[in-house]
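# Chains, contacts and geometry: an overview
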Amino acid sequence: MPPKSSIRKEEWEKSLHEVQVTKSDLNRLVMDYLVIEGYKSAAEEFSQEANLEPPVDFESIESRMDIREALQRGDVEDAIIRVNDLNPEILDTNPALYFKLQQQKLIEYIRQGRIAEALQFAQDELAPRGEESPEFLSELERTMALLAFESAPNAPSAIAELLSPAQRMKTAGEVNAAILESLSQGKEVKLVGLLKLLCWGESMLEEKTTFPKLNVMDGSLVERG
Amino acid sequence: MARSTGFIPQDKILKLPTRWSDQDRNTHLSVSPDGRDLSYQGPSTNSEKDAAAARTLHHIPPACGIYYYEVEITAKDQKAFAGKGVKYGRLPGWEPNSWGYYGEDGTSLSADKSGSQYGQPYGGGDTIGCGIDFTTHKAFYTKNGTLIGPVFDNVGKNLDLFPSVGLQHAGDSIRANFGQEPFKYDIDYHVQQQYNTTWNKISETPLDRSLLQGHRRAGFSIASITNDVSVPVLTEQESKHVLTQLVMSYLVHHGYAKTARALEYQQRVRDTNASTPTDSSDPDVEMNSSASDAVDIDIETRTSTVNAVLAGDIDTAMDSLRTCYPSVLEVDNHLMLFKLRCRKFVELILETTEIKKKMKALREKEAERNKHFDEAAHEAWLEEEMNMDIDDDAAGPLVIRPILENIPEAVHESEESSEMISDRYESALNAAINYGQCLSSDYQSNPQPEVQDMFRTTLGIVAWDDPTEAGGSVAELVSHNARIALAHEVNQAILKSQGRPAQPALETVYRHTSTCITQLGLLGVGAAAFADMPREFFQAR
């Protein structure tokens, strides 16, 4: 192995300066963050202040957030209605997602101890779909197993976790991603992608050479050694 | 030990192989004038390893990610990659640092391994493609547009790699396609797959704590990845905080005050709801407003100062700097004060020029008094005044609207008499000259070369009847772009005086990441070719 070379701070800074990026490029990154994270009024203000074409209808940001909230508080029925109001195609074209919402609804019945309704709902809505795919069936069985345990702590963790807040978050996250996709938006905030690329790039480059590292909080370059 | 610098300039040109070399070839091979055909004109050999080989003029730059070429065969031959310094009397794959696919029996050959079965034999009429993937350092071949599969390991690591072929029989000839024509194999699809693979890898990268500290732990190695629980990864909460901080500081930096306020408010509402999930939709959250008010006031003052410069109202800008950010005017021997005063002189001269133009127009009008006021021309003038190109976001807060006061003035223009306007010109000119004299006495003997330069060019503009019509540096100095540049400088100077970075951290993050990727590419890391930042971050999906 040749000895590791190093890049001096002055050279690095000169190179930073040469990178092609404009204010309006960065504005769009910021807009993407505001939209995906669901900050509707901030996105509206930004569209005005930065004179930026909004990438989506602002109302869709709000309804997306409403849907997420409904799922997080366990109101699956409300979430389904809102998704269909926004765009009926989202659930029509995505049976797996629709099944997950129905499964979540079943979980919420069981959580509330509405056992008779849970059974009825499972028989009417979920069982026919379980016949469609083995994956749906095993998920249905896993959910029904909740009924066998009187309280969640006694259940095996693979079953008890269905009642955890994380399960709600997971369902909410998948619905959110599907809506974003229907709006031709990315699932992940692009800024997060940028930070990941930064971590990836720095660690790869570090194997080859020594160079100034970046503190992202204040944008300062740190030279080691 | 002297430390060599590892920095590779970005403008290093990446040359791709596009023709066979006239020098680096066996003497029995002849190269066509366009550099794409090779034919064998020596005695046929019966040995399975002796052959006449050739390579391309340029080696393959690993920064290209994937390199691919195709060869159409008239008779038997063999295509391959060869390292630098390989002899040309053997088939590729027999010499060290060379790798090949042998047409006679379809075996793959590399010097560190004896041949093993790889694909079908090939011969006259076939088109064989050969690719190298620098993200995996594996080669792949195609036959008549169909992928055979990846083959060989560690191809082209730490050495320059050249496309190469070997011919064995009299009359053998091939024609290469280095991208001059469409390929038989769908290489774009292949590349797209690799692109996606690379981005999947990137998106699985955890955000680690070094983002906050600016340095990584020493001794990071492959072995420590697998089962080191102490590799510090940011929690979800911390990641969110980093993002918020990046966005917020960006908004504040550029003076997007309303957006910053709205974002702060919405985040506060959300945090409150998260901590008390029972009342989920109560937007009536008490604002803890003192901190954000301070931010608001700061943004407003800075924005209005910068806008004053943009509007050419240098007096207002200087007043507000004197009151709120006095140190900005003082640093570097009052350099900013000097720059602003120079600009003020420019503005005064521009005003006289403007009045002079009107005066001229009025005189012309008086000359043809009987004619109607030319409405159309007037409108055209107005429009020109309104269409000043200001900034990339014309409605942004650090941007002036066209100066509205001009409009009533323009409307009344026809009522202004010739005497009135020439009085106005007189006094404007006097003001400009007085100001120039003040500048002169204040800065004539200033020793700073930067000051002397700017002083001379600034005063020089009086030599022009209409400096806006003059070319070169004069036009530049009086242009609106010069205002924008100065306003930008003032903004940065204010931020700097507050101990804030002159460029938002978000922008530095982008520039720093891009520089990492560029350097990786230049150091031969093939995956860097796929980390296409503008495509990933700025293009609409």
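Residues numbered from 1 in each chain as written. Chains lettered and ligands numbered in written order. Predicted model: local features only at pLDDT ≥ 70, side-chain atom pairs only at ≥ 80, totals over all residues. Heavy atoms only, no water.

Per an unreviewed UniProt entry, chain A is named CTLH domain-containing protein, and its organism is Hypholoma sublateritium.

### Observations concerning the overall build of chain B
Note the cut-off: A run of H or I in DSSP becomes a helix once it reaches four residues, and a run of E becomes a strand once it reaches two; helices and strands are each numbered from the N terminus. Think of it in three bands: with a 1.4 Å probe and only protein chains considered, a residue is buried below 20% of the maximum accessible area for its type, exposed above 50%, and partly exposed in between.
In terms of regular secondary structure, chain B is built from 16 helices and 14 strands. Buried positions account for 47% of the 541 residues belonging to chain B.

### Section: helix α4 (residues 58-72) of chain A
Given 3.6 residues per helical turn, the α-helix brings residues three or four places apart onto the same face. All names here are of chain A. Our working rule: Expected span of a helix: the number of residues minus one, times 1.5 Å. Counting of polar contacts relies on pairs of N or O atoms within 3.5 Å, with two restrictions inside protein: one atom must be capable of donating a hydrogen and the other of accepting it, and residues adjacent in sequence are counted only when both atoms are side-chain atoms.
With 15 residues, α4 should cover 21 Å at 1.5 Å per step; its first-to-last C-alpha distance of 22 Å lies within 8% of that length. Residue Asp57 occupies the N-cap position of α4, its side-chain oxygen lying 3.2 Å from the main-chain nitrogen of Glu59. Just downstream of α4, Gly74 is the residue with a positive phi angle, here 90 degrees.

### Things to note about the packing of helix α8 (residues 326-367) of chain B against helix α14 (residues 480-497) of chain B
All names here are of chain B. The following threshold applies: Structural elements are reduced to axes, namely lines fitted to C-alpha atoms, with helices fitted over the stretch in contact, and the angle between N-to-C directions of any two is expressed from 0 to 180 degrees. Reported orientations rely on four angle classes, namely roughly parallel under 35 degrees, roughly antiparallel over 145, roughly perpendicular from 65 to 115, and oblique for the rest. Note on convention: the crossing is left-handed when the near helix lies turned anticlockwise from the far helix by less than a right angle, right-handed when the turn is clockwise. Contact criterion: two residues are considered in contact whenever any of their non-hydrogen atoms come within 4.5 Å of each other. Put simply, Ala, Val, Leu, Ile, Met, Phe, Trp, Tyr, Cys and Pro go in the nonpolar bin, Asp, Glu, Lys and Arg in the charged bin, and everything else, Gly too, in the polar bin.
The N-to-C vectors of α8 and α14 enclose an angle of 160 degrees; their axes lie 12 Å apart at closest approach. The orientation of α8 relative to α14 falls into the category roughly antiparallel. Crossing handedness for the pair α8 and α14: left-handed. Contacts between α8 and α14 involve Ser327, Val328, Met336, Lys339, Leu340, Arg343 and Glu347 from the first element and Ala482, Arg483, Leu486, Glu489, Val490, Ala493, Ile494 and Ser497 from the second. Residues belonging to the contact of α8 with α14 are distributed by class as follows: 8 nonpolar, 2 polar and 5 charged.

### Let's talk about the pairing of strand β14 (residues 173-177) of chain B
Residue and element names in this part refer to chain B. What counts, and what does not: A pair of strands counts as paired when DSSP detects no fewer than two bridges linking them.
Most of β14 is tucked away: 4 of the 5 residues are buried. Pairing between strand β3 (residues 37-40) and β14: 3 bridges, direction antiparallel. Bridging across to β14, Ser39 finds its partner in Ser173. Where strand β5 (residues 66-73) meets β14, 4 bridges bridge the pair, whose relative direction is antiparallel. Of the residues in β14, the one forming a bridge with Glu70 is Asn177.

### Observations concerning the interface of chain A and chain B
Quick note on the threshold: Two parts placed together each lose some accessible area; with a 1.4 Å probe, that loss summed over both constitutes the buried area. Take a side-chain nitrogen of Lys or Arg and a carboxyl oxygen of Asp or Glu: if they are within 4 Å of each other, that pair is a salt bridge.
Contacts between chain A and chain B engage 72 residues on the former and 77 residues on the latter. Here chain A packs against chain B, burying approximately 7200 Å² in sum over the two surfaces, 66% of which is carbon and sulfur. It is Glu49, Trp200 and Met217 of chain A that lose the most area in chain A upon contact with chain B, and together they represent 11% of the buried surface on that side. Our enumeration of links across chain A and chain B arrives at 0 salt bridges. Across the chain A-chain B interface, the total number found is 21 residue pairs in polar contact (both at pLDDT 80 or more).

### Examining the packing of helix α5 (residues 76-86) of chain A against helix α7 (residues 95-111) of chain A
Residue and element names in this part refer to chain A. Where α5 contacts α7, the two axes come as close as 9 Å, and the packing angle between them is 155 degrees. Regarding the angle of α5 to α7, the classification is roughly antiparallel. Taken together, the residues of α7 that come into contact with α5 (itself represented by Val76, Glu77 and Ile80) are Leu101, Gln102, Gln104, Lys105 and Glu108.

### Brief notes about unusual backbone geometry
All names here are of chain B. At Asp332, a residue that is not glycine, the phi angle is positive and equals roughly 50 degrees. Considering the arrangement of structural elements, one finds Asp332 in helix α8. A residue is classified by how much of its surface remains accessible, and Asp332, at 55% relative accessible area, is exposed. Located in the positive-phi region is His334, a residue other than glycine, with phi close to 60 degrees. For His334, the location among the structural elements is in helix α8.

### Describing the packing of aromatic side chains
How two aromatic rings sit relative to each other is set out by the distance from centre to centre and by the angle between their planes. Counted only if it meets this: Between rings of Phe, Tyr and Trp, where Trp is taken as its six-membered ring, a pair exists when centres lie within 6.5 Å; planes separated by under 30 degrees are stacked, by over 60 edge-to-face, and by other angles tilted. Lysine and arginine charges are scored as sitting over a ring when NZ or CZ, respectively, is within 6 Å of the ring centre and within 35 degrees of the ring normal.
Going through the model one piece at a time under the given rule, you end up with 21 aromatic pairs over all chains. Aromatic side chains Tyr68 of chain B and Phe183 of chain B sit 5.0 Å apart centroid to centroid with 80 degrees between the ring planes, which places their arrangement in the edge-to-face category. With Tyr68 of chain B in strand β5 and Phe183 of chain B in the loop between β14 and α1 (187-203), this residue pair connects regions lying 115 residues apart in the sequence. Residue class for Tyr68 of chain B comes out buried when judged on its relative accessible area of 5%. Overall, Phe183 of chain B belongs to the partly exposed group, its relative accessible area being 23%. Members of the aromatic cluster, each reached through a chain of ring pairs, are Trp20, Tyr67, Tyr69 and Phe178 of chain B. A cation over a ring is seen here: Lys213 of chain A above Phe211 of chain A, with NZ or CZ 4.6 Å from the ring centre. The ring of Tyr195 of chain B carries Arg535 of chain B above its face, with NZ or CZ at 3.9 Å from the centroid.

### Side note on the sheet that holds strand β11 (residues 138-143) of chain B
Residues and elements named next belong to chain B. Taking strand neighbours across the sheet as the criterion, the 7 strands line up as β2-β3-β14-β5-β10-β11-β12 in an open arrangement whose pairing is antiparallel. With partners counted over all chains shown, the strands left at the sheet margins are β2 (29-31) and β12 (146-151), one partner each. Geometrically, the sheet is characterised by an average inter-axis angle of 20 degrees between neighbouring strands, direction not taken into account. Sheet strands in contact with α1 are β5, β10 (127-133), β11 and β12, and its direction is about 155 degrees off that of β5.

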